[in-house]
Amino acid sequence: RRGFPPPTRAGASSAPEAAAGADFIFKCWEITPMRILVVEDEMTVAMLIEDMVNELSFEVAGVVPRLEEAMGLADSDSFDAAMLDVHLNGKTVFPFARALEKRNVPFLFATAYGRRGIPAEFRDHIVLEKPFGPVELSHALLALTGRAF
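Residues numbered from 1 in each chain as written. Predicted model: local features only at pLDDT ≥ 70, side-chain atom pairs only at ≥ 80, totals over all residues. Heavy atoms only, no water.

Another point: the overall build of the protein chain. For the protein chain, the helix and strand inventory stands at 5 helices and 7 strands. Secondary structure elements in the protein chain, listed N-terminal to C-terminal, are α-β-α-β-α-β-β-β-α-β-β-α. Out of the 149 residues in the protein chain, the part that is buried amounts to 39%. (Helix = DSSP H or I, 4+ residues; strand = E, 2+ residues; numbered from the N terminus. Buried < 20%, exposed > 50% of the residue type's maximum accessible area, 1.4 Å probe, protein only.)

Here serine 76 shows up in the loop between helix H3 (67–72) and strand S3 (81–85). Of note is the side chain of serine 76, whose polar atom sits 2.7 Å from the side chain of serine 78. (Polar contact = N/O pair within 3.5 Å; in protein donor to acceptor, adjacent residues only side chain to side chain.)

Turning our attention to the pairing of S3. Burial analysis of S3 places 5 of its 5 residues in the buried class, which makes it a mostly covered element. Both faces of S3 are covered, namely the face carrying Ala81, Met83 and Asp85 and the face carrying Ala82 and Leu84. Two elements, strand S1 (residues 35–39) and S3, share 4 bridges in a ladder whose sense is parallel. Bridged to leucine 37 within S3 is alanine 82. Taken together, the 4 bridges between S3 and strand S6 (residues 107–111) define a ladder with parallel strand orientation. Looking across to S6, one finds that alanine 82 is bridged to phenylalanine 107. (Pairing = 2+ DSSP bridges.)

Let us now look at unusual backbone geometry. Note the cis peptide between lysine 130 and proline 131, where omega equals -5°. Mapped onto the elements, proline 131 comes out in the loop between strand S7 (126–129) and helix H5 (134–145). In this structure, serine 57 is a non-glycine residue whose phi angle is positive, near 70°. Summarising the element assignment, serine 57 is placed in the loop between helix H2 (43–55) and strand S2 (59–64). The backbone phi angle of asparagine 104 is positive, close to 60°, even though this residue is not glycine. Inspection of the secondary structure assignment puts asparagine 104 in the loop between helix H4 (94–102) and S6. The class of asparagine 104 is exposed, set by a relative accessible area of 69%.

Here you go:
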């Protein structure tokens, strides 16, 4: 049979070693979906967001309806980015946003109040105004994560 020889690593002396090198190269190219934590207290809205996030090839790391639960995840590595509703059962999400900033975890706000409901310290963050659809969410997640769909 004619064809190309299997790819080899520097110093690979056998076919199994060469194959292991090729496996390593292919694994480096695998793209894992970013895990998005959704902090939202209205369950119907959370379910819609969850569906849209999944459709956009991201993974929903979890849906958290309360500030206390979110704060319990502040040091977790179970998510890569977060989408935060501003008002959660009479409390604001800003303490959790501060915790995420300290860890350099990217996040955006999703709120019906728009930018006017965001304190000056968070004005550099993306604000997605409710109601929004998949196109607006895809633009926001792309800007947040730097990934293309």
